[in-house]
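Here's the letter readout for the chains.
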Amino acid sequence: MKFTVGDIIVEYEPRYAFFSKMAEPFLAEEQEADITIEYDATEIETIHMRSNNSLPVSESFYVLEKLARKMLEYDALWMHSAVISVHENGYAFSAPSGTGKSTHIRLWKKVFGDSVQIVNGDKPFYRLMDDQLLIYPGPWRGKEQWGSKKIVPLKTLCFLEQAETNEIKRLSEDEILPLLLTEVVMPENNIQVDTFFHILDFIVTNIPCYLMKCNISEEAAVIAYNTMVRGEKKNEN
């Protein structure tokens, strides 16, 4: 089957219905594939044993890992993050699983309503094109299956931590890279390494990045919005 990640066409023949259902909203059967991923039962079994996930879920992670490295050939990397769109700009929230990315973007939807759209709930790709980083949604949307096929430019990136009270701060360039490296798939060869770090360097030097310690109150969404959306607009002016 063929499916889209942004405007990239990927071909893979799944063995389990789990991934077929995940990819269903992104099907692109009539188009020629840019990337082909081959089934590998041994690698899927290895992921299964390593993660203790079911084989169907392990297959979805296998496809993601393979695609994450192949997408580097298109100047794109995968980052564990949830992305929303406000005024046609993308705002990304990155954190380890269980931290509360879904909860936080749900708060944005609750407080700001239809002005907020969810682009991808868990595992989008970021493609460097024409001096901007475009967010490419795909089938990996998290357990809630939140997302769309909308491509938007990344405006700001925020790393989340759980806390009892809400506070947000702008990160220095030295602080950003270690946080990024915990939420991406590392490259396999030297060619991929060059592209990988080129994209990371673009994020560090061009994308405003924040660390937000937050709880699950609506105040958290308001503080984040006022800093990431309104605050950055003021900086541009």
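Our subject in this report is the structure included herewith. (Residues numbered from 1 in each chain as written. Predicted model: local features only at pLDDT ≥ 70, side-chain atom pairs only at ≥ 80, totals over all residues. Heavy atoms only, no water.)

**Details of the overall build of the chain**
Counting its secondary structure elements, the chain contains 7 helices and 12 strands. Relative to a compact globule of 237 residues, whose C-alpha radius of gyration would be 18 Å, the chain shows 18 Å and is just as compact. Seen through its principal axes, the chain has C-alpha atoms that stretch 50 × 35 × 35 Å. Buried positions account for 49% of the 237 residues belonging to the chain. Here the contacts in the chain between residues at least 6 apart in sequence split such that 70% fall between residues at least 24 apart. In the form shown here, the chain has an accessible surface area of approximately 11,400 Å², with 47% of it arising from carbon and sulfur atoms. (Helix = DSSP H or I, 4+ residues; strand = E, 2+ residues; numbered from the N terminus. Rg over C-alpha atoms; globule rule 2.2 N^0.38 Å. Buried < 20%, exposed > 50% of the residue type's maximum accessible area, 1.4 Å probe, protein only. Contact = heavy atoms within 4.5 Å. Areas by Shrake-Rupley, 256 points an atom, 1.4 Å probe, with all protein chains shown as cover.)

**Brief notes about the sheet that holds strand β3 (residues 35-36)**
Ordered in space as β1-β2-β3, the 3 strands form an open sheet in which the pairing is mixed. In the strand order of this sheet, the two ends are held by β1 (2-5) and β3, each with one partner. Direction of pairing for β1 relative to strand β2 (residues 8-11): antiparallel, over a ladder of 4 bridges. The residue of β2 that forms the bridge with Lys2 is Glu11. (Pairing = 2+ DSSP bridges.)

**What to know about helix α3 (residues 55-70)**
Between its first and last C-alpha atoms α3 spans 22 Å; for 16 residues at 1.5 Å apiece the expected length is 22 Å, and the two agree. Those residues of α3 not exposed but buried are Val57, Ser58, Glu59, Ser60, Tyr62, Val63, Leu64, Leu67, Ala68 and Arg69. You can read the cap of α3 off the contacts: a side-chain oxygen lies 3.3 Å from the backbone nitrogen of Val57, and it is on Ser54. (Expected span 1.5 Å × (residues − 1). Polar contact = N/O pair within 3.5 Å; in protein donor to acceptor, adjacent residues only side chain to side chain.)

**Remarks on a nonpolar patch on the surface**
A cluster of nonpolar side chains, Leu177, Leu181, Met186 and Phe197, forms an exposed patch at the surface whose accessible area comes to about 300 Å². Position of Phe197 relative to the elements: it lies in helix α6 (residues 190-206). (Patch = residues over 30% accessible without salt bridge, like charges linked within 9 Å, V, L, I, M, F, W, Y side chains within 5 Å. Salt bridge = Lys/Arg side-chain N within 4 Å of Asp/Glu carboxyl O.)

**Some remarks on the packing of aromatic side chains**
One pass over the full model with this rule turns up 11 aromatic pairs. Seen in terms of ring centroids, Tyr12 and Phe19 are 6.2 Å apart; in terms of plane orientation they differ by 80°. Their pairing is edge-to-face. Classification of Tyr12 as buried rests on a relative accessible area of 0%. Under the relative-accessibility criterion, Phe19 is labelled buried at 0%. Each member of the aromatic cluster is reached from another via a ring pair, and the members are Phe3, Tyr12, Phe19, Tyr62 and Trp140. One residue, Arg15, lies across the ring of Tyr39, its end atom 3.8 Å from the ring centre. A cation sits over an aromatic face here: Arg170 above Tyr210, 5.9 Å from the ring centre. (Phe/Tyr/Trp six-rings, centres within 6.5 Å; stacked < 30°, edge-to-face > 60°. Lys NZ or Arg CZ within 6 Å of the ring centre and 35° of its normal.)

**Structural notes on unusual backbone geometry**
Across residues other than glycine, the phi torsion is negative in most instances, and most of the peptide bonds are trans. One non-glycine residue with positive phi stands out, namely His87, at about 55°. For His87, the location among the structural elements is in the loop between β5 (81-86) and β6 (89-94). Note on His87: relative accessible area 47%, which makes it partly exposed. Phi at Gln145 is positive, roughly 60°, even though this residue is not glycine. Position of Gln145 among the secondary structure elements: in the loop between β9 (132-136) and β10 (152-162). Exposure remark for Gln145: the relative accessible area of 32% places this residue in the partly exposed category.

Distances and angles like these do not, on their own, reveal function.
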